[in-house]
Amino acid sequence: MSAEIISGTEMRAAILDELRVEVTKMKEQHGVVPGLVTILVGANPASLSYVTLKVKTALGLGFHEIQDDQPEDITEEALLQLIDKYNNDNSIHGILVQLPLPKHINEEKIINAIDPGKDVDGFHPVNLGRMVLGDRDGFLPCTPYGIQEMIIRSGTETSGAETVVVGRSNIVGKPISIMMGQKGEGANSTVTMVHTRTQDLEAHCKRADILIVAAGVPGLVKPEWIKAGATVIDVGVNRIGMSDSGKAILSGDVAFDEAKQIAGKITPVPGGVGPMTIAMLMKNTVKSAKKHIEKA
Ligand code: NAP
């Protein structure tokens, strides 16, 4: 039997509809619209396309959106000053600095300069610390947040489930491993995090009721590594070629066509985790605006 496809595109649409209602209410009741600034340094084509999509989504929700493009050679000091300006701007509730930054700029220093109360990407150490402590008052990093939301909305049972996460990066593997093992909704699972030094990747994957793969290696997870009926979340986005029309051909980290014959539920690439990441960025921005209203 073929697996149920967990569509990130459909879930994103549902989340954005929910947010639209919240934004309208916020405007009517408090005269506040969520404000998001997206700072893009240089003109990396992939970064530009991500930022364009984020800006379009924010505008579609009726946000006050500023796209602040900066030249490739902006100094670290000037970028820090820009962040300081938005930290002190009451109309801005979320600051997003698109990564990666040019080599001469220390990314850590830049992320640490963002007011944790406006860090809607959830990368600031304060928000990461809150996430580790299970404090939902901070901002969860958007991709792991989106993964967990997909698991919840797909009706996957997480309590007591064996969750295996392939990858241990700071932006995906590590945070989602922690989140899936927390107490609470969409969590309470028993988590194993695997990486390049893991001895028997296949054996771990085969045990997984929930398999989350974020390695960046196309086709890494073979169909025979998947437990029958498992929920498979494929985070990988790999460019494996170019179509005749010049569009990148994308593939995930899981052999999708074969895997969908074995899994119970599975995310596609594209159209899976990717759209959810942007939806959760918008959700974090609305949350930040609400917190701003509560404080005022
Ligand atoms: P990353 O920083 O390169 O980390 C990859 C992780 O996978 C590392 O921990 C690495 O282990 C592990 N790994 C790599 N090859 C492996 C192998 N053969 N066996 C076992 N483990 C292996 O990547 P990332 O930033 O987490 O991103 C992972 C993928 O997700 C990429 O394709 C990226 O494009 C995609 N992504 C998608 C979204 C989205 O919104 N859809 C967001 C972020 C990332 P070591 O630590 O031992 O090196």
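Here the residue numbering is sequential within each chain, running from 1 through the sequence in written order. Local features are withheld for residues below a pLDDT of 70 in this predicted model, meaning they are given only at 70 or higher, and side-chain atom pairs are given and counted only at 80 or more; totals for whole chains, interfaces and linings count all residues. With hydrogens and water excluded, all non-hydrogen atoms of the structure serve as input to the side-chain values.

Colleague: Whenever I open this one, the site of the ligand confuses me. Can you help?
Modeller: Proximity criterion: a residue is near a molecule or strand once any of its heavy atoms comes within 4 Å of it. Within the structure, the ligand sits among 21 residues, and Arg168, Ser169, Thr196, Val237 and Thr277 are positioned closest to it. What qualifies as a polar contact is a pair of N or O atoms within 3.5 Å, subject to a donor-acceptor requirement within protein and to the restriction that residues adjacent in sequence count only when both atoms come from side chains. The separation between an oxygen atom of the ligand and a polar main-chain atom of Val237 is 3.0 Å. The biggest single contributor to the shell around the ligand is helix α10 (residues 273-295), with three residues. Residue type decides the class: Asp, Glu, Lys and Arg count as charged, Ala, Val, Leu, Ile, Met, Phe, Trp, Tyr, Cys and Pro as nonpolar, and the leftover types, Gly among them, as polar. A class-by-class count of the residues in the shell around the ligand yields 10 nonpolar, 10 polar and one charged. The numbering of helices and of strands both runs from the N terminus, where a helix is a DSSP run of H or I of at least 4 residues and a strand a run of E of at least 2.

Colleague: Please clarify how the packing of helix α1 (residues 8-30) against helix α6 (residues 142-153) should be interpreted in this entry.
Modeller: How two helices pack is summed up by the angle between their axes together with the distance between the axes. To obtain an axis, a line is fitted to C-alpha atoms, over the contacting stretch when the element is a helix, and the angle between two such axes runs from 0 to 180 degrees between their N-to-C directions. At a closest axis distance of 11 Å, the pairing of α1 and α6 adopts a crossing angle of 95 degrees. As summarised for this structure, α1 and α6 are arranged roughly perpendicular, according to the angle between their axes. In this structure, α1 uses Gly8, Met11, Ala14, Ile15 and Glu18 to contact α6, whose residues at the interface are Glu149, Met150 and Arg153. Broken down by class, the residue content of the contact of α1 with α6 amounts to four nonpolar, one polar and three charged. Between 65 and 115 degrees an angle is taken as roughly perpendicular, under 35 as roughly parallel, over 145 as roughly antiparallel, and anywhere else as oblique. Residue contacts are counted whenever heavy atoms from the two residues lie within 4.5 Å of one another.

Colleague: Would you explain the sheet that holds strand β6 (residues 190-194) in this entry?
Modeller: Backbone hydrogen bonds are what pair the strands of a sheet, in a parallel or an antiparallel way. On the basis of which strands lie adjacent, the open sheet formed by six strands has the order β1-β11-β8-β7-β5-β6 and parallel pairing. This sheet does not close on itself; its edge strands, each paired only once, are β1 (4-5) and β6. The pairing criterion is simple: DSSP has to find at least two bridges between the two strands. Two strands pair when backbone bridges link them, and strand β5 (residues 162-166) and strand β7 (residues 210-213) are joined in this way by four bridges, in the parallel orientation. Bridge pairing links Val166 to Val213 in β7.

Colleague: Before we go on, may I ask you to explain the nonpolar core in this structure?
Modeller: Taken as a class, soluble globular proteins show a tendency for nonpolar side chains to be buried jointly. Ranked by size, the top nonpolar core spans 43 residues in total, and within it Phe63, Ile147, Ile212, Ile233, Val235 and Met282 carry the most contacts. Residue contributions to this core peak at 10 residues, all from α10. Split by domain, the residues of this core number at least three in each of domain 1 (31-115) and domain 2 (142-275). With residues up to four places along the chain from it excluded, the contact list for Ile212 reads Ile147, Ile151, Thr163, Val164, Val165, Val166, Ile176, Met180, Ile233 and Val235. Side-chain atoms within 4.5 Å link the members of a nonpolar core, which is a set of buried Ala, Val, Leu, Ile, Met, Phe, Trp, Tyr and Cys residues. Throughout, exposure labels follow a simple rule: accessible area from a 1.4 Å probe, protein chains only, divided by the maximum for the residue type, with under 20% read as buried, over 50% as exposed, and the rest as partly exposed. In terms of nonpolar packing, the next biggest core, distinct from the first, is built from 19 residues, Val164, Leu211, Ile226 and Ala263 among them. Domain ranges listed in this record stem from an automatic or a database domain assignment.

Colleague: What exactly am I supposed to notice about unusual backbone geometry here?
Modeller: Glycine aside, a negative phi is what most residues show, and trans is what most peptide bonds show. Of note, the amide linkage connecting Leu99 to Pro100 takes the cis form, showing an omega dihedral of 0 degrees. The omega angle of the peptide bond from Val269 to Pro270 is 0 degrees, so this bond is cis rather than trans. Looking at the secondary structure, you find Pro270 in the loop between β11 (265-266) and α10. Positive phi outside glycine occurs at Asn188, with the angle close to 55 degrees.

Colleague: What should I look at first to understand the sheet that holds strand β3 (residues 64-70) in this one?
Modeller: With parallel pairing, the three strands of this open sheet are ordered in space as β3-β2-β4. In this open sheet, the two edge strands, each paired with only one partner strand, are β3 and β4 (94-97). This sheet shows a mean twist of 15 degrees between the axes of neighbouring strands, independent of strand direction. As paired strands, strand β2 (residues 35-41) and β4 are joined by four bridges and run parallel to one another. The partner of Thr38 across the bridge, within β4, is Leu96. Along the sheet, helix α3 (residues 76-87) contacts β2, β3 and β4; its crossing angle with β2, the most-contacted strand, is approximately 175 degrees.

Colleague: Could you clarify how one ought to interpret α6 in this entry?
Modeller: Every helix has an expected span of 1.5 Å times one less than the residues it contains. Along its 12 residues, α6 runs 16 Å from first to last C-alpha, staying within 8% of the 16 Å computed at 1.5 Å per residue. Judged by how many residues are buried, α6 sits mostly within the fold: 10 of 12 residues are covered. Cys142, Thr143, Pro144, Tyr145, Gly146, Ile147, Gln148, Glu149, Met150 and Ile151 are the residues of α6 that are buried. Lining the buried residues of α6 we find α1, α7 (173-181), β7, β8 (231-234) and α10.

Colleague: What's the story with the domain arrangement of the chain in this structure? I'm lost.
Modeller: Interface extent is often summarised as the accessible area lost during association of the parts. Here the chain is partitioned into domain 1 (31-115) and domain 2 (142-275). For domain 1 and domain 2, the distance between their C-alpha centroids amounts to 29 Å.

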